[in-house]
Structures are given as structure tokens and as C-alpha cells.
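This is what each chain is made of:
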Amino acid sequence: MGRVQLILYDFIISFMWVWSGCLVKMFVSQGLGIGHQPKAEIVKGALSVANMFFFAFLAKVTKGGAYNPLTVLSSAVSGDFSHFLFTVGVRIPVQVIGSITGVRLIIQTFPGIGLGPRLNVDIHQGDGMGLCSWRSYHEGAYTCILACSNRGNFVGRLDFSVGS
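Next up on the list: the packing of aromatic side chains. In the structure shown here, the tally under the stated rule is seven aromatic pairs. Here the aromatic rings of Phe 15 and Trp 19 are separated by 6.5 Å at their centres, their planes lie at 40°, and the arrangement is tilted. Highlighted residues: Phe 15 and Trp 19, both in helix H1 (residues 2-31), separated by four residues, approximately one helical turn. For the pair Phe 54 and Phe 55, a centre-to-centre distance of 5.5 Å together with 80° between the ring planes defines the contact as edge-to-face. Counting every residue linked through ring pairs, the aromatic cluster contains Trp 17, Phe 54, Phe 55 and Tyr 67. Positioned above the aromatic ring of Phe 86, the side-chain terminus of Arg 3 is 4.3 Å from the ring centre.

Our focus in this paragraph is the packing of H1 against helix H2 (residues 38-61). The interhelical angle for the contact between H1 and H2, taken along N-to-C directions, is 160°, at an axis separation of 10 Å. Relative to H2, H1 is oriented roughly antiparallel. Our pair here, H1 against H2, has a crossing hand that is right-handed. Contact with H1, carried on its side by Ile 13, Met 16, Trp 17, Ser 20, Val 24, Lys 25, Phe 27 and Val 28, involves Ala 40, Val 43, Lys 44, Leu 47, Asn 51, Met 52, Phe 54, Phe 55 and Leu 58 of H2 and no other residues of that element. Looking at the contact of H1 with H2 residue by residue, the classes come out as 13 nonpolar, two polar and two charged.

What follows covers unusual backbone geometry. Within the chain, Lys 63 stands out as a residue other than glycine whose phi angle is a positive 60°. In this fold, Lys 63 is placed in the loop between H2 and helix H3 (69-77).

Moving on: helix H4 (residues 81-109). In a regular helix each residue adds 1.5 Å, so 29 residues correspond to 42 Å; H4 covers 41 Å between its end C-alpha atoms and thus fits that length. Roughly 35° is the biggest bend found in H4, and it falls at Thr 87. Within H4, burial applies to Phe 86, Thr 87, Arg 91, Ile 92, Val 94, Gln 95, Gly 98, Gly 102 and Ile 106. On its buried face, H4 is in contact with H1 and H3.

On to the side chain of Ser 20. As for its position among the elements, Ser 20 is in helix H1. A residue is classified by how much of its surface remains accessible, and Ser 20, at 11% relative accessible area, is buried. Within the local environment of Ser 20, its side chain forms a polar contact with the backbone oxygen of Trp 17, the two atoms lying 2.7 Å apart.

Our focus in this paragraph is the packing of H3 against H4. In helix packing, the relevant descriptors are the interaxial angle and the interaxial distance, both defined with respect to the helix axes. One way to put it is that H3 packs onto H4 with a least axis distance of 9 Å and a crossing angle of 175°. In terms of orientation, H3 and H4 fall into the roughly antiparallel class. Contacts between H3 and H4 involve Pro 69, Val 72, Leu 73, Ser 75, Ala 76 and Val 77 from the former and His 83, Phe 84, Thr 87, Val 88, Arg 91, Ile 92 and Gln 95 from the latter. Grouping the constituent residues of the contact of H3 with H4 by class yields eight nonpolar, four polar and one charged.

Turning our attention to H2. Helix length check: H2 (24 residues) gives 35 Å between terminal C-alpha atoms against 34 Å at 1.5 Å per residue, within 8%. Taken together, the buried positions of H2 are Ala 40, Lys 44, Asn 51, Phe 55 and Leu 58. Next to the buried residues of H2 lie H1. Two residues or fewer after H2 comes Lys 63, characterised by a positive phi angle close to 60°.

About the cut-offs
- Residues numbered from 1 in each chain as written.
- Predicted model: local features only at pLDDT ≥ 70, side-chain atom pairs only at ≥ 80, totals over all residues.
- Heavy atoms only, no water.
- Phe/Tyr/Trp six-rings, centres within 6.5 Å; stacked < 30°, edge-to-face > 60°.
- Helix = DSSP H or I, 4+ residues; strand = E, 2+ residues; numbered from the N terminus.
- Lys NZ or Arg CZ within 6 Å of the ring centre and 35° of its normal.
- Axes fitted to C-alpha atoms, helices over the stretch in contact; angles between N-to-C directions.
- Parallel < 35°, antiparallel > 145°, perpendicular 65-115°, else oblique.
- Left-handed = near helix turned anticlockwise from the far one by under 90°.
- Contact = heavy atoms within 4.5 Å.
- Nonpolar A, V, L, I, M, F, W, Y, C, P; charged D, E, K, R; others polar.
- Expected span 1.5 Å × (residues − 1).
- Bend = angle between axes of the 7 residues up to and from the residue.
- Buried < 20%, exposed > 50% of the residue type's maximum accessible area, 1.4 Å probe, protein only.
- Polar contact = N/O pair within 3.5 Å; in protein donor to acceptor, adjacent residues only side chain to side chain.

What follows is the structure, encoded as C-alpha cells:
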């Protein structure tokens, strides 16, 4: 029964970890109403540290439940082979599934999340620096400039359409 509980805890904690990041950002920007001011970053940082202590507490209470596959993998490598197979074959996939489930539910609950800047160019055409077209470099740089100059809020879009 111990392994089944551990798998269930991994799923739940991974799900909660994804939601906690989203809820902290929403609480600071909408709940407190301080948006992207410098004090908002301080509050987000403080809440993130408290969040990490909370998840460390959950790991202790659940006797090993985790959200991070790397921490689980490090203990699996130093253990015996059956523990390694259980970790790699069951625990890590369950954590990934829990995180994916959390992200899907966030997207369904808040449909505006995740709609950010997109490149409007085909990166496989052109001769820009041997990798992709100059147009894609220009649009990427422009997107970066807009996002950085507005503290991460993407507010504009420029289409680099070139007539043939």
C-alpha cells in the first residue's frame, strides 16, 4: 500500500505545484492589485519562498511525495535496481501526468493564460546566419524588445510580411 500512496501523492503534489505558481501570480496581480510594480516582484518572491517551504512540508507529511522528478531520480540512482525501475517507470511518469493535468485544467479554467507572442515567420526559409531566415531573427528581437520594455507584458505585434 505504501507505493500506491506514494504514487497518488506524487500526482497530487505535482498537480498542486503547477497550480500554486499560477495562483501566486494571479493573487499578486489581481488580488492585491499591484500588477507589475517592483513591490509585486518582492511579494511574489516572498510567496514563492513560503510556497517552497509548504511543499517541503508536504513531502515530509506524505513521506516522500514530490513534484520534481530530479529529486526523485537522484535518490533512485543511489538505491537498488528495483527502486530505480519503480522511480523511472512509475513515479516520474505519474509526476509528469500530474503536471500536465494541472496545466490543462489551468488552461480550461483561465482560457486567456498562455496566449502570448508568436512568431509569424517560417524559420526554415531564408539564409539568415545559416540557421533560419533574417525575418525570424528580426521578429524575435522585436518581440523581445517589446516584452522587456513593458516588464513582460506583450502589448504590440509587428508583422514582417514581405511581398513576393
